[in-house]
Amino acid sequence: MKVRFKPTQVLPIYVGSFGEFTEGEYEVDDEVGKYLIETFPDNFEEVKEEGEEVEDADEDNLRCQAITRSGKRCTRKVVPGEKFCAIHLKYKESEE
Ligand SMILES: [Zn+2]
(Lines give C-alpha, C1' and ligand atoms only; values in the text may rest on other atoms or scores of the structure.)
Protein backbone atom coordinates (compact mmCIF):
# COMPACT_ATOMS: atom_id res chain seq x y z
CA MET A 1 0.00 0.00 0.00
CA LYS A 2 0.99 3.61 -0.31
CA VAL A 3 0.96 6.12 2.51
CA ARG A 4 1.36 9.85 2.46
CA PHE A 5 3.37 11.44 5.20
CA LYS A 6 2.33 14.84 6.46
CA PRO A 7 4.78 16.49 8.78
CA THR A 8 3.20 18.08 11.81
CA GLN A 9 4.69 19.98 14.66
CA VAL A 10 5.08 16.80 16.63
CA LEU A 11 6.87 14.31 14.48
CA PRO A 12 6.23 10.65 15.15
CA ILE A 13 8.89 8.70 16.88
CA TYR A 14 9.13 5.73 14.63
CA VAL A 15 12.09 3.43 14.61
CA GLY A 16 11.92 1.00 11.78
CA SER A 17 13.06 0.50 8.27
CA PHE A 18 12.54 4.19 7.56
CA GLY A 19 15.04 6.46 9.17
CA GLU A 20 13.71 9.84 8.25
CA PHE A 21 10.45 10.80 6.66
CA THR A 22 10.05 13.90 4.63
CA GLU A 23 6.73 14.99 3.22
CA GLY A 24 5.67 12.78 0.40
CA GLU A 25 4.33 9.39 -0.55
CA TYR A 26 5.87 6.13 0.47
CA GLU A 27 5.29 2.63 -0.77
CA VAL A 28 5.23 0.35 2.26
CA ASP A 29 4.09 -3.12 3.21
CA ASP A 30 0.38 -3.27 4.09
CA GLU A 31 1.24 -4.20 7.64
CA VAL A 32 3.60 -1.27 8.07
CA GLY A 33 1.21 1.14 6.42
CA LYS A 34 -1.68 0.16 8.67
CA TYR A 35 0.55 0.42 11.69
CA LEU A 36 1.68 3.90 10.72
CA ILE A 37 -1.83 5.15 9.98
CA GLU A 38 -3.25 3.71 13.19
CA THR A 39 -0.41 4.90 15.34
CA PHE A 40 0.13 8.30 13.77
CA PRO A 41 -3.20 9.29 12.23
CA ASP A 42 -2.12 12.92 12.11
CA ASN A 43 0.96 12.12 10.14
CA PHE A 44 0.03 9.34 7.80
CA GLU A 45 -2.85 8.72 5.46
CA GLU A 46 -3.48 6.03 2.92
CA VAL A 47 -2.99 6.92 -0.71
CA LYS A 48 -5.51 5.15 -2.88
CA GLU A 49 -3.97 3.57 -5.92
CA GLU A 50 -5.45 4.42 -9.27
CA GLY A 51 -7.82 1.74 -10.41
CA GLU A 52 -9.24 1.32 -6.92
CA GLU A 53 -11.75 4.06 -7.51
CA VAL A 54 -15.18 3.12 -6.28
CA GLU A 55 -16.86 5.98 -8.06
CA ASP A 56 -17.45 4.20 -11.32
CA ALA A 57 -18.71 0.98 -9.80
CA ASP A 58 -20.94 2.80 -7.39
CA GLU A 59 -22.09 5.65 -9.54
CA ASP A 60 -25.73 5.17 -8.67
CA ASN A 61 -24.99 5.50 -4.98
CA LEU A 62 -23.32 8.82 -5.63
CA ARG A 63 -26.54 10.30 -6.93
CA CYS A 64 -28.89 12.05 -4.61
CA GLN A 65 -31.60 9.66 -3.39
CA ALA A 66 -34.29 12.31 -3.38
CA ILE A 67 -37.23 12.15 -5.74
CA THR A 68 -38.31 15.49 -7.09
CA ARG A 69 -41.91 16.66 -7.24
CA SER A 70 -42.08 15.63 -10.88
CA GLY A 71 -41.27 12.08 -9.81
CA LYS A 72 -37.76 12.01 -11.20
CA ARG A 73 -34.67 11.08 -9.32
CA CYS A 74 -32.50 14.02 -8.36
CA THR A 75 -29.40 13.99 -10.55
CA ARG A 76 -27.12 15.95 -8.28
CA LYS A 77 -24.14 14.36 -6.61
CA VAL A 78 -24.41 13.41 -2.98
CA VAL A 79 -22.52 15.12 -0.21
CA PRO A 80 -19.68 12.71 0.64
CA GLY A 81 -20.87 10.24 3.24
CA GLU A 82 -24.51 11.22 2.77
CA LYS A 83 -27.36 9.93 0.64
CA PHE A 84 -28.52 13.33 -0.56
CA CYS A 85 -27.10 16.30 -2.37
CA ALA A 86 -26.43 19.48 -0.43
CA ILE A 87 -29.81 20.91 -1.36
CA HIS A 88 -31.91 17.89 -0.39
CA LEU A 89 -29.82 17.28 2.68
CA LYS A 90 -30.84 20.67 3.99
CA TYR A 91 -34.42 20.04 2.98
CA LYS A 92 -34.44 16.73 4.82
CA GLU A 93 -32.91 18.22 7.95
CA SER A 94 -35.46 20.99 8.13
CA GLU A 95 -38.21 18.41 7.75
CA GLU A 96 -37.17 16.32 10.71
ZN1 LIG B 1 -30.92 16.15 -4.49
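Structure's up top.
All figures in this text were calculated on a predicted structure; none of them were measured in a lab.

Moving on: the overall build of the chain. For the chain, the count of helices and strands is two helices and three strands. The N-to-C order of helical and strand elements in the chain reads β-β-α-β-α. Counting the 96 residues in the chain, one finds 8% classified as buried. Contacts in the chain between residues far apart in sequence, at least 24 positions, make up 37% of those at least 6 positions apart.

Glancing now at the sheet that holds strand S3 (residues 44-47). Strand order across the open sheet formed by three strands is S2-S1-S3, with antiparallel pairing between neighbours. The strands lining the two open edges of the sheet, one partner per strand, are strand S2 (24-27) and S3. Within the sheet, the average angular offset between the axes of one strand and its neighbour, ignoring direction, is 35°. One ladder, built from four bridges, connects strand S1 (residues 2-5) with S3; its direction is antiparallel. Bridged to Val 3 within S3 is Glu 46. The sheet contacts of helix H1 (residues 30-39) involve S1 and S3, and relative to S3 the element is tilted by about 135°.

A separate point is the environment of Lys 77. Tracing the sequence through the fold places Lys 77 in the loop between S3 and helix H2 (86-95). Overall, Lys 77 belongs to the partly exposed group, with 13 C-beta atoms counted inside 10 Å. In this structure Lys 77 touches Leu 62, Arg 63 and Cys 85, once residues within four positions along its chain are discounted.

Attention now moves to the environment of Thr 75. Inspection of the secondary structure assignment puts Thr 75 in the loop between S3 and H2. Considering only alpha carbons, one finds Thr 75 and Cys 85, ten residues apart in sequence, at a separation of 8.8 Å.

Reading the values: the criteria
Residues numbered from 1 in each chain as written. Predicted model: local features only at pLDDT ≥ 70, side-chain atom pairs only at ≥ 80, totals over all residues. Helix = DSSP H or I, 4+ residues; strand = E, 2+ residues; numbered from the N terminus. Buried ≥ 20, exposed ≤ 12 C-beta atoms within 10 Å, placed from the backbone. Contact = placed C-beta atoms within 7 Å. Pairing = 2+ DSSP bridges. Axes fitted to C-alpha atoms, helices over the stretch in contact; angles between N-to-C directions.

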